[in-house]
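# Examining the three-dimensional arrangement
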Amino acid sequence: ITAAERQGGRRLQVAHTTSFAFDESWGTLLWLFAGHAVHVIDAAIRTDAERLLAYFAEQRIDVVDGTPSYLDWLVAQGLLDREQRPNVVIVGGEAITEPLWERLRAVEGLTAYNAYGPTECTVDALMAAVGQSPSPVLGGPLANIRVYVLDLGLIPVPPCGAGELYLAG
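Residues numbered from 1 in each chain as written. Predicted model: local features only at pLDDT ≥ 70, side-chain atom pairs only at ≥ 80, totals over all residues. Heavy atoms only, no water.

### Quick notes on the overall build of the protein
Note the cut-off: Secondary structure follows DSSP: runs of H or I at least 4 residues long count as helices, runs of E at least 2 residues long count as strands, and numbering of each begins at the N terminus. Computation of the radius of gyration draws on C-alpha atoms, with the globule rule given as 2.2 Å multiplied by the number of residues to the power 0.38. Only protein chains enter the calculation, and the probe is 1.4 Å; a residue is then buried if its accessible area is under 20% of its type maximum, exposed if over 50%, and partly exposed in between. The contact rule is simple, with two residues in contact once any of their heavy atoms fall within 4.5 Å. Note on areas: Shrake-Rupley with a 1.4 Å probe; residue coverage comes only from the protein chains shown. Asp and Glu count as negative and Lys and Arg as positive, but His and the ends of the chain are not part of the count. Every charge is mapped onto a representative atom, which is NZ of Lys, CZ of Arg, CG of Asp or CD of Glu.
The helix and strand tally for the protein stands at six helices and nine strands. Its C-alpha atoms give the protein a radius of gyration of 17 Å, near enough to 15 Å, the size a compact globule of 169 residues would have. Along the three orthogonal principal directions, the C-alpha set of the protein runs to about 55 × 30 × 30 Å. With 169 residues in all, the protein has 41% of them scored as buried. The contacts in the protein between residues at least 6 apart in sequence include a share of 47% that link residues at least 24 apart. Of the roughly 9,300 Å² of accessible surface on the protein, 55% is carried by carbon and sulfur atoms. Here the protein contributes 11 positive and 20 negative side-chain charges, whose respective centroids are spaced 8 Å apart.

Here it is, written out as C-alpha cells:
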C-alpha cells in the first residue's frame with residue numbers, strides 16, 4: 001500500500017527541505033511524477049524551525065524527508081507533537097538513531113521509512129518501514145536491486161554475518 005493510499009488516495013503535499021547540492025534532494029522531486037505537490041523550502045525557512053513548522057501547518061504538509069540529524073532537530077522542536085503534522089516521514093542520508101526510530105514508531109498513524117543507499121549506486125537502494133521492526137534496520141531492496149553481504153574474499157556471508165554490502169541491478 002502506498003503513502004497516498006494510506007491518505008485516502010488524495011494528492012499529497014510534500015516538503016522539499018534539502019539543498020539541491022545534496023544528492024538525496026532529487027529523490028523528493030520524484031513525488032511530482034506521481035501527481036503530488038512538492039513544496040521547495042528555501043534555506044531561510046528550512047533552518048528556522050519555528051517558521052518551518054508554521055509553514056508545514058499552513059500548507060498541511062503530509063510528507064517530510066530528511067536526514068536523521070535534521071529530523072531529530074525538527075522532532076525536538078515539536079514536528080510530531082502538533083495537531084497538523086506530517087503523515088509520512090522518510091529518513092535517509094545518515095544512520096538513523098535508535099531514539100529517533102523509537103519516536104517515529106510511537107506516533108499513532110504515522111508512516112515512517114528508513115531509506116538507505118550509497119551515493120555510488122543510487123540514493124535509495126534499501127527501504128524499511130519503521131513500524132515493522134523494534135530497532136533500526138536497513139530493510140530490503142527496492143525494485144530491480146539485488147543486495148549481497150560479502151566477506152573479504154567476495155563470498156556471501158551467512159545470515160547475520162558481518163561483511164561488506166554490495167548492490168547490483
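Moving on from the coordinates now.
### Examining the environment of Leu110
For Leu110, the position within the fold is in the loop between helix H6 (98-106) and strand E5 (111-116). Along the sequence, Leu110 and Arg6 sit 104 residues apart, while their C-alpha atoms lie 9.9 Å from each other.

### Thoughts on helix H5 (residues 68-76)
Stated formally: In this description, the arc belongs to the directions extending from the helix axis to the C-beta atoms.
When H5 is considered as a whole, its buried residues turn out to be Pro68, Tyr70, Leu71, Leu74 and Val75. Buried residues of H5, seen end-on, are gathered within an arc of 155° and therefore sit on one face of the element. Of the residues flanking the end of H5, it is Gly78, one or two places downstream, whose phi is positive at about 105°.

### Regarding the side chain of Ser133
Tracing the backbone through its elements, the reader meets Ser133 in the loop between strand E6 (126-129) and strand E7 (140-141). Overall, Ser133 belongs to the buried group, its relative accessible area being 12%. Discounting residues that sit within four places of it in the chain, Ser133 has contacts with Trp101 and Arg105.

### Some remarks on the sheet that holds strand E1 (residues 13-16)
Here is the rule: Whether two strands pair depends on DSSP finding at least two bridges between them.
On the basis of which strands lie adjacent, the open sheet formed by seven strands has the order E2-E1-E3-E4-E5-E6-E7 and mixed pairing. Here the strands that pair on one side only, and so sit at the sheet edges, are strand E2 (37-40) and E7. Judged from the four bridges that link them, strand E4 (residues 88-91) and E5 form a sheet pairing that is parallel. By the bridge assignment for E5, Ile90 is matched with Tyr113.

### Notes on the pattern of salt bridges
Keep this limit in mind: The salt bridge definition used is simple: a Lys or Arg side-chain nitrogen within 4 Å of an Asp or Glu carboxyl oxygen.
This structure, assessed with the given rule, holds two salt bridges. Between Arg10 and Asp62 there is a salt bridge whose closest N-O contact spans 2.6 Å. One end of the pair, Arg10, is in the loop between helix H1 (3-6) and E1; the other, Asp62, is in the loop between helix H4 (49-59) and strand E3 (63-66), and 52 residues separate them in sequence. Of the residues examined, Arg10 reaches a relative accessible area of 35% and is grouped as partly exposed. Residue classification places Asp62 among the buried residues on the basis of a relative accessible area of 2%. A salt bridge links Asp81 to Arg103; the shortest N-O distance between them is 2.5 Å.

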